[in-house]
Amino acid sequence: MISEEFEFRAPTKLAEALSLLERYGDDAKILAGGMSLVPMMTLGLVRPKTVISFNHITDLNFVIDAKDVIRIGAMTRHDTVAHHDLIKKHLPLLATAAVGIGDVQVRHRGTIGGSLAHADPAADYPPVMLVAGAQFRIQSAKGDRMVKAAEFFTGLMQTAVGAGEVLSEIHVPKLPAGAGSAYLRLHRVEGSFPIVNAAAVIEKGFKSARVAIGGVGESAVMIDVTKHLSKGVSDQSLRAISDAAYDASGDAYGDLNGDTEYRRAMARVYAQRVIKAAAAQIR
Amino acid sequence: MKTPVEVTVNKKKYKVEVDTRMILADMLREELRLTGTHIGCGTGNCGACTVVLNGETVKSCCIIAADANGQEITTIEGLSSSATELHPIQQAFVENQGLQCGYCTPGMVLSTLQLLKDNPNPTEDEIRHGISGNLCRCTGYQFIVQSIQDAAKRLSNGGQPGASQ
């Protein structure tokens, strides 16, 4: 039982939800899968006046092939992201990230949009979104705009989504032909949040290479490592990438899972591992 | 504040007015008196509250009861079609001593139902991944894993114990 009273709304159409968001503004909290929000309400950590559930808006649950990008509706469940043929084919690292989230029950209910908008600093999706160059569709009753992944995460559990707005779709460009990609997570037990995680995309012929690391700051950091990999993967290039990962994780926080230096050391390790894993996938 | 909710639980239709602050597990237990769904942590970690929502297992402590409006739910009470006979998965748990205190068991059994629906012949590793959302503080999991292996055999053998039993 949740202790605080709140008003509950469950619109079935996006337009209806957007007008509710406009009316309630900052007093409203959007409920997606609820895998974070509902426990936080039960614990009294979040006490919204109004909860607007998006679970009955079936139009926001889709995965579509749109030429160069895969369009994913914000209410698409992790389990669908993990097992959808289009995602496995064009964005294998995204499927890998989704399959490791929580547990079976959490993946059945939790949504990609909810996770992204929650913006936990060590969540599974953000590093993938950064290296894949995703764009986020943010809608309101008055507007409709696209925001790049790099501009979407604005701080600790903060995003570019403002009052009256909602993240409605994620557009992820298909990986270039032959590109290698990988996603890795360091976690204490099955189902727990990553302590540090990393994603990488390397274009065929090492034309470009990006790595992003989560859990080492208020939000995931991306590093362009193209110059380090101009001659391919070597001990020397991996050392340079390791140093770059250490430098990029200066804002790492410490908690019971590891202090700042531990996270920065793991940023080194996981940056190297994810680059090696991605390079091995180049076809 | 009250919210009207219409749900189908174990193939039976219910129409209730619930306190908006209720989570689905509260509604099942206190409004519908289906107390087989247990509440352990209340924060989505332990899996004791696992139910099947529209054909997929979820943690009913992380769903607001009002949000289940119009949905179809199966709880542990609905697993066996008969009041006197156990479902093959339940029978496998009994015969392999896949429980001690029994608190986690409804969730474990429903996670097994999901696992064996998706993967009728899982490896031990796949079984352990399949029940990773359910905590048991008694058994050390070994007998639960054995129960699930036995349940897989029973289900592939029309509900009867497998040949190797």
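Sequence order sets the numbering: in each chain, residues are counted from 1 along the sequence as written. The lettering of chains begins at A and the numbering of ligands begins at 1, in the order of writing. Residues qualify for local features only when their pLDDT is at least 70, as the model is predicted, and side-chain atom pairs are given and counted only at 80 or more; totals for whole chains, interfaces and linings, by contrast, use all residues.

Moving on: the overall build of chain A. Helix and strand counts for chain A come out as 11 helices and 14 strands. Taken over the C-alpha trace, chain A has a radius of gyration of 19 Å; the compact-globule value for 283 residues is 19 Å, and the two agree within 12%. Dimensions along the principal axes, computed over C-alpha positions, put chain A at roughly 60 × 45 × 30 Å. Each of the 283 residues in chain A was classed as buried or not, and the buried ones make up 53%. It is the C-beta atoms, placed from the backbone, that decide contacts: two residues are in contact if theirs lie within 7 Å. Contacts in chain A between residues at least 24 apart in sequence constitute 64% of all its contacts with a sequence separation of at least 6. By definition, any uninterrupted DSSP run of H or I lasting at least four residues is a helix, any uninterrupted run of E lasting at least two residues is a strand, and each is numbered from the N terminus. For the radius of gyration, the atoms used are the C-alpha atoms, and the globule rule reads 2.2 Å times the number of residues raised to 0.38. Using C-beta atoms placed from the backbone, we call a residue buried if 20 or more other C-beta atoms fall within 10 Å of its own, exposed if 12 or fewer do, and partly exposed for counts in between.

Residues and elements named next belong to chain A. Spatially, 1-3-2 is the arrangement adopted by the three strands of the open sheet, whose pairing is parallel. The outermost strands of the open sheet, each flanked by one partner alone, are strand 1 (7-9) and strand 2 (28-31). Direction aside, the axes of adjacent strands within the sheet are offset by 25° on average. We treat two strands as partners when DSSP finds at least two bridges between them. The sheet contact formed by strand 1 and strand 3 (residues 50-53) spans three bridges and is parallel. Looking across to strand 3, one finds that Arg-9 is bridged to Ile-52. Working convention: axes come from line fits to C-alpha atoms, limited for helices to the stretch in contact. Angles between N-to-C directions cover 0 to 180 degrees.

Residues and elements named next belong to chain A. Within strand 10 (residues 165-173), seven of the nine residues are buried, which leaves the element mostly enclosed by the surrounding structure. Across five bridges, strand 5 (residues 69-73) lies against strand 10 in antiparallel orientation. Opposite Ile-72, over in strand 10, you have Ile-170 as the bridge partner. Across six bridges, the pairing between strand 6 (residues 135-140) and strand 10 is antiparallel. Considered in strand 10, the bridge of Phe-136 is made with Ile-170.

Turning to the domain arrangement of chain A, a few remarks are in order. Residue and element names in this part refer to chain A. For chain A, the assigned domains are domain 1 (7-53), domain 2 (58-173) and domain 3 (180-280). Taken together, the contacts link 13 residues of domain 1 with 20 residues of domain 2. Ranked by residues supplied to the side of domain 1 that touches domain 2, first place goes to helix 1 (residues 14-24) with five residues. For the purposes of this description, domain bounds are those given by an automatic or database domain assignment.

Another aspect to go through is the domain arrangement of chain B. Residues and elements named next belong to chain B. Under the domain assignment, chain B is made up of domain 1 (2-78) and domain 2 (88-156). On the side of domain 2, 11 residues touch domain 1, which itself brings 14 residues to the contact. Broken down by element, the side of domain 1 that touches domain 2 gets its largest block of residues, three residues, from strand 3 (residues 50-53). Ten residues, namely Ala, Val, Leu, Ile, Met, Phe, Trp, Tyr, Cys and Pro, are considered nonpolar, four, namely Asp, Glu, Lys and Arg, are considered charged, and the remaining ones, Gly among them, are considered polar. Looking at the side of domain 1 that touches domain 2, its residues break down into six nonpolar, eight polar and no charged.

Time to look at the packing of helix 10 (residues 235-248) of chain A against helix 11 (residues 260-280) of chain A. Residues and elements named next belong to chain A. The N-to-C vectors of helix 10 and helix 11 enclose an angle of 140°; their axes lie 8 Å apart at closest approach. Relative to helix 11, helix 10 is oriented oblique. Judged by the sense of rotation from one axis to the other, the crossing of helix 10 with helix 11 is right-handed. Contacts between helix 10 and helix 11 involve Leu-238, Ile-241, Ser-242, Ala-245 and Tyr-246 on the former and, on the latter, Arg-264, Ala-267, Arg-268, Ala-271, Gln-272 and Ile-275. Broken down by class, the residue content of the contact of helix 10 with helix 11 amounts to seven nonpolar, two polar and two charged. Reported orientations rely on four angle classes, namely roughly parallel under 35 degrees, roughly antiparallel over 145, roughly perpendicular from 65 to 115, and oblique for the rest. Crossings are sorted by hand: turned counterclockwise from the far helix by less than a right angle, the near helix makes the crossing left-handed, and turned clockwise it makes it right-handed.

With that settled, consider the confidence of the model for chain B. Keep in mind that low pLDDT regions are not for reading the predicted coordinates in detail. Overall, the predicted model of chain B reaches an average pLDDT of 96, with 98% of residues at or above 70. For this predicted complex, the interface score ipTM comes out at 0.96, while the overall pTM is 0.96. Confidence of the prediction at every residue is given by pLDDT, a number between 0 and 100.

As a further point, take helix 1 of chain A. Residues and elements named next belong to chain A. Among all positions in helix 1, only Ala-17, Leu-18 and Leu-21 are buried. All buried residues of helix 1 fall inside an arc of 100° around its axis, so they share one side. Where helix 1 is buried, its residues contact strand 2, strand 3, strand 6 and strand 10. Among the residues trailing helix 1, Gly-25 stands out with phi positive, at a value near 55°. Within this analysis, the arc is defined by the directions that extend from the helix axis to the C-beta atoms.

Next up on the list: helix 8 (residues 125-132) of chain A. Residue and element names in this part refer to chain A. Of all the eight residues making up helix 8, eight are buried; the element is thus mostly covered by neighbouring parts of the structure. Within the span of helix 8, buried status applies to Tyr-125, Pro-126, Pro-127, Val-128, Met-129, Leu-130, Val-131 and Ala-132. Just downstream of helix 8 lies Gly-133, where phi reads positive at about 70°.

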